[in-house]
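Report on the structure
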Amino acid sequence: MNSIAVVFCKEILENLRDRRVVFSAFFFGVLLAPTIFALTTTLVSKRAQRDQEEPLRLPVAGAVHAPNLLSFLREQGADINPVELDVHAAIDKVRTGEFELVLIVPERYGERLRAGDPAPLELVLDTSNTRAAGSTDRARRLLDAYSRQLAALRLLVRGVNPTVIQPLQVHGIDVATPSGRSLLILGMLTYFCIMSMLVGGFYLAIDTTAGERERGSLEPLLSLPVTRAQLILGKMLATCAFMCASLLLTLVAFAIALSFVPLEVLGMSANFSVPVVLAIFGVMVPMVPLGAALMTVVASFTRTNREAQSWLSVVLLVPVAPIMVAVMNGTRPDAALMAIPSLSQHLLATSLLRGDGVSAMHVLISAVTTLTAGALLAALAIKLYRREAILG
Amino acid sequence: MISISHLSRRFGAVQALHDVSFTAADGRITGLLGHNGAGKSTTLRILSTVLRPDTGQASVDGYDCATQSLQVRRSLGVLPHASGLYAQLTGRENIEYYARLRGLRGPGMKQACDALIERLGIAGIAQRRARGYSQGEKLKVALARALIHRPRTVILDEPTNGLDVNAVRMLRELIRELKAGGCCVLFSSHVMQEVAALCDDIVIIAQGQVVAQGTPQQILDALGTTDLEEAFVRAAATPESAA
């Protein structure tokens, strides 16, 4: 036990002194991930804000043919910009992105309207332009509303209650808690956390086997009166310590970064108070020994630092795969899923972020299964370390 | 005291050791001489319990290397082929790390470190990180690390490789001191002159077999020459006619 502590302290001291290791261990989690995250969320929020607050800018060709429509649109807050364009010119302008969309009122519009026939309107739009999605949606809704209004008026004129053309009245009841709407974006956040936790221990895991072997320091170490299990446990614990530090720093960095992002605009309130940060750390920390053991096992198969690095970069994707699937499917927590390491941590952390709370049973299942998997892999790492081939 | 009997070890298709037997006595310096790839390092690795033999036995101070490996490692001091220092630790920290792993603690450990640092003349560099060390400085720190627990039996794997004359002299002096203190010293080399200058007993190994052993004089007599260099070349060339 004492020897494990000696190895642990030495690994911590040595790696903290190596600026390269410290930089690569904490750069991703503390700077890169929160920055990327804050930038993308800010962009998305800005767009949402623009769609909500700014008037709809609508270039209209042939405005003179539909004065009533235009005054309706103006009443609804649209900023009408009369332009002189034919259909082809309008298509060009939208395709190049000069206009997000163009409404074209054909000459026969008024005539058809007066005759009571469906009056044609052309809306030139580009669905591949994600920036224009908000404006397009708003323009369509306004035109629909105008159309319904006209229909209602026509029915009234004929003495018919306009409700006959409204057989259904659908009320959507939105159950999303304010932060629940941001599930996709916050799902990304747990992905970043698990990633930076693993990256935090990346270099130590490599150093314990491939690194020591390459520098020629493994053989004298193995000729000391210390069991190999003690050596590898001390090293894995040091890896765990770096991973814990990286995870905690990342969470703190996220909490700080997100306080600058106008999340409310997206209808999100990321619940990032101190207790929540600590709770997320708590549900994620059982993943640390598993990650450390996994990386150590993989690194002990490799012969050189470089080889270990390229293998481990692939292995880093393994715990992230279930998260990706869960985010795409909008998976909800249930007891069976809690048995899957990394997925269970993602689901629990996401629930905490949404402010939904988590069930104690789920936390327990997640921690027990993940820690068990970690213990099994650690046993495998010890077994591998006992092989002669560890010397390469 | 090192005793090896009928040791064999195979790596895949290569028979690295074949029926190797010799002893290295306390209070004597034994040289393990052979070309590169002759089986010197394999022998030393079996002694330091890092490798296991296929057949045969090796023991250090009466402990069997295969079954009592922890006791063997406790009594053995090993200077490996590469110094294997940790670049980010100072010389003293490198030495103290091994001292702690050997169970030394507190003032006793400090004293042991101070004594060796003093003896090896590395007080000036012991506070510096190991990454800037010269070959000679690395060797001295690695030596201090290997001797920190005052081992009865010391194994040195090609210790003079890449050293300048001063460092080689210092090393020889230290080895003689260990001998005077009653230690059993086994060191491997591929340089005949070096072994001749230092050793009481010589074991010549070629293609995994012992081809000659004894005092330098006995080896000269057995091979019918007065030149040790010539004796080594002759012995190494004829593993079949092993003495």
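Every value quoted in this text rests on a predicted model; they were computed, and no experiment measured them. (Residues numbered from 1 in each chain as written. Chains lettered and ligands numbered in written order. Predicted model: local features only at pLDDT ≥ 70, side-chain atom pairs only at ≥ 80, totals over all residues.)

1. Considerations on the overall build of chain A
- Tallying secondary structure elements over chain A gives 15 helices and 4 strands in all.
- Computed over C-alpha atoms, the radius of gyration of chain A comes to 30 Å, more than 25% over the 21 Å expected from 2.2 N^0.38 for 392 residues, which places it beyond the range of a compact globule.
- C-alpha atoms of chain A, sized along the principal axes, occupy 100 × 45 × 30 Å.
- Every one of the 392 residues in chain A was classed for burial, and the buried ones make up 39%.
- When contacts within chain A are restricted to residue pairs at least 6 apart in sequence, those whose partners lie at least 24 apart make up 74%. (Helix = DSSP H or I, 4+ residues; strand = E, 2+ residues; numbered from the N terminus. Rg over C-alpha atoms; globule rule 2.2 N^0.38 Å. Buried ≥ 20, exposed ≤ 12 C-beta atoms within 10 Å, placed from the backbone. Contact = placed C-beta atoms within 7 Å.)

2. A short note on the overall build of chain B
- Within chain B one finds 9 helices and 10 strands.
- Each principal axis of the C-alpha atoms in chain B carries an extent, and together these give about 55 × 40 × 35 Å.
- In chain B, which comprises 243 residues, the share counted as buried stands at 49%.
- Sequence-distant contacts in chain B: of pairs separated by 6 or more residues, those separated by 24 or more amount to 67%.

3. Some details on the interface of chain A and chain B
- Between chain A and chain B, the residue contacts involve 18 residues of the former and 21 residues of the latter.
- For the side of chain A that touches chain B, the element with the highest residue contribution is helix H1 (residues 2-17) of chain A, accounting for 5 residues.
- A breakdown of the residues in the side of chain A that touches chain B according to their chemical character gives 7 nonpolar, 4 polar and 7 charged. (Nonpolar A, V, L, I, M, F, W, Y, C, P; charged D, E, K, R; others polar.)

4. With respect to helix H11 (residues 287-301) of chain A
- In a regular helix each residue adds 1.5 Å, so 15 residues correspond to 21 Å; H11(A) covers 22 Å between its end C-alpha atoms and thus fits that length.
- Most of H11(A) sits out of view: 14 of its 15 residues are buried. (Expected span 1.5 Å × (residues − 1).)

5. Quick look at the environment of A:Arg228
Residues and elements named next belong to chain A.
- With respect to the helices and strands, Arg 228 occurs in helix H9 (residues 228-258).
- In sequence terms Arg 228 and Arg 386 are 158 residues apart; their C-alpha atoms lie 6.3 Å from each other.
- Not counting residues up to four positions away in its chain, the partners in contact with Arg 228 are Leu 222, Ile 382, Tyr 385 and Arg 386.

6. A short note on the packing of helix H10 (residues 274-284) of chain A against helix H14 (residues 343-354) of chain A
All names here are of chain A.
- Where H10 meets H14, the axes come as close as 9 Å, and the angle between the chain directions of the two elements is 170°. Considered as vectors, H10 and H14 are oriented roughly antiparallel to each other. Contacts from Val 276, Ala 279, Ile 280, Val 283 and Met 284 in H10 reach Gln 345, Leu 348, Ala 349 and Leu 352 in H14.
- When grouped by side-chain class, the residues that make up the contact of H10 with H14 number 8 nonpolar, 1 polar and no charged. (Axes fitted to C-alpha atoms, helices over the stretch in contact; angles between N-to-C directions. Parallel < 35°, antiparallel > 145°, perpendicular 65-115°, else oblique.)

7. Observations regarding the sheet that holds strand S2 (residues 14-24) of chain B
Residue and element names in this part refer to chain B.
- Pairing within the open sheet is antiparallel, and its 4 strands lie in the order S2-S1-S4-S5. Two strands in the sheet have a free side with no partner beyond their single neighbour: S2 and strand S5 (63-64).
- Of the strand pairs in this sheet, strand S4 (residues 55-60) and S5 are connected by 2 bridges, and their pairing is antiparallel. The residue of S5 that forms the bridge with Val 60 is Tyr 63. (Pairing = 2+ DSSP bridges.)

8. Details of helix H15 (residues 360-386) of chain A
- For H15(A), with 27 residues, the first-to-last C-alpha span of 39 Å sits near the 39 Å given by 1.5 Å per residue.
- On the buried face of H15(A), the contacting elements are H9, H10, H11 and H14 of chain A.

9. Points about the pairing of strand S9 (residues 201-206) of chain B
Residue and element names in this part refer to chain B.
- Most of S9 is tucked away: 6 of the 6 residues are buried.
- Because side chains alternate across S9, one face comprises the buried residues Asp 201, Val 203 and Ile 205, and the other comprises Ile 202, Ile 204 and Ala 206, equally buried.
- As defined by bridge partners, strand S3 (residues 29-33) adjoins S9 across 4 bridges and the pair is classed as parallel. When the sheet's bridge partners are listed, Leu 33 is paired in S9 with Ile 204.
- Of the pairings in the sheet, the one linking S9 to strand S10 (residues 209-214) comprises 5 bridges and is antiparallel in character. Counted as the bridge partner of Ile 204 is Ala 212 from S10.
- Here S9 folds back onto S10 in antiparallel fashion, the turn holding 2 residues, of which Gln 207 has a positive phi close to 45°.

10. Side note on the nonpolar core
- Counting 151 residues, the largest nonpolar core has B:Ala144 and B:Ile204 as its most contacted members.
- Looking at this core, the element that brings in the most residues is helix H7 (residues 183-215) of chain A, giving 16 residues.
- When neighbours within four sequence positions are excluded, B:Ile204 is seen to be in contact with B:Leu33, B:Gly34, B:Val211, B:Ala212, B:Gln213, B:Phe232, B:Ala235 and B:Ala236.
- In this structure, A:Ala90, A:Val94, A:Leu101 and A:Leu125 belong to the second largest nonpolar core, which totals 20 residues. (Core = buried A, V, L, I, M, F, W, Y, C linked by C-beta atoms within 7 Å.)

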